[in-house]
Amino acid sequence: MNYSAKPNNIREITAAEAEKILETYRRWINGEKTWGGLFLYQSPDKKHPRKIRWVAIDDSDGHCYVREFKKKEDAIKWLLKPSGPKYIRM
């Protein structure tokens, strides 16, 4: 079922939850997955530890795209931008 992403489709998670998502993705890259969605979490900036970065994960189409942003608003905009067909797989 196709859908248009909305801000309430984004779930803010911890770095540990993000690692679990990415690890599961790495294990299931050649198999069938039963989960997916739009995720957002905070991470310390590697160059400036006092600053934070926002990491966005778009796994709505099964490809698990990951991008880092300085601003939460930019991460949300990227997550909501359609990069192809999105499917509800939660």
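Structure first, text after, so check above.
Source: prediction; values computed, not measured.

Calculation notes
- Each chain has its residues counted from 1, following the order in which its sequence is written.
- Per-residue local features of the predicted model are confined to residues with pLDDT of at least 70, and side-chain atom pairs are confined, for both listing and counting, to 80 or more; whole-chain, interface and lining totals are unaffected and use all residues.
- Excluded from the side-chain calculations are hydrogens and water; all other atoms, namely the structure's heavy atoms, are used.
- The term salt bridge refers to a side-chain nitrogen of Lys or Arg lying within 4 Å of a carboxyl oxygen of Asp or Glu.
- The secondary structure listing takes helices from DSSP runs of H or I that are at least 4 residues long and strands from runs of E that are at least 2 residues long, numbered from the N terminus.
- It only takes one pair of heavy atoms within 4.5 Å for two residues to be counted as in contact.
- With a 1.4 Å probe rolled over the protein chains alone, any residue whose accessible area is under 20% of its type maximum counts as buried; one over 50% counts as exposed, and the rest are partly exposed.
- Two rings from Phe, Tyr or Trp (for Trp, the six-membered ring) form a pair when their centres are within 6.5 Å of each other. A pair whose planes differ by under 30 degrees is stacked, one over 60 is edge-to-face, and the rest are tilted.

Evaluated as defined, the whole model comprises four salt bridges. Each of Asp45, Arg53 and Glu68 takes part in salt bridges that share partners, so that together they form one network.

Within the fold, Ser43 resides in strand S2 (residues 38-44). Beyond its immediate stretch of four places on either side in the chain, Ser43 contacts Lys51, Ile52, Arg53 and Val55.

A separate point is the environment of Val55. Counting through the fold element by element, Val55 comes out in strand S3 (residues 52-58). In contact with Val55, not counting residues within four places along its chain, are Phe39, Leu40, Tyr41, Ser43, Val66, Arg67 and Glu68.

For the rest of this paragraph, the subject is the environment of Ile52. Considering the arrangement of structural elements, one finds Ile52 in strand S3. Residue classification places Ile52 among the partly exposed residues on the basis of a relative accessible area of 39%. The sequence separation of Ile52 and Tyr41 amounts to eleven residues, and the corresponding C-alpha distance is 10.0 Å. When sequence neighbours within four positions are dropped, the list of residues in contact with Ile52 reads Gln42, Ser43, Pro44, Asp45 and Lys70.

Next up on the list: the packing of aromatic side chains. Tallied over the entire structure, the rule returns one aromatic pair. On the basis of an interplanar angle of 45° and a centroid distance of 5.9 Å, the ring pair of Phe69 and Trp78 is categorised as tilted. In this structure Phe69 comes out as buried when scored by relative accessible area, which is 10%. Of the residues examined, Trp78 reaches a relative accessible area of 15% and is grouped as buried.

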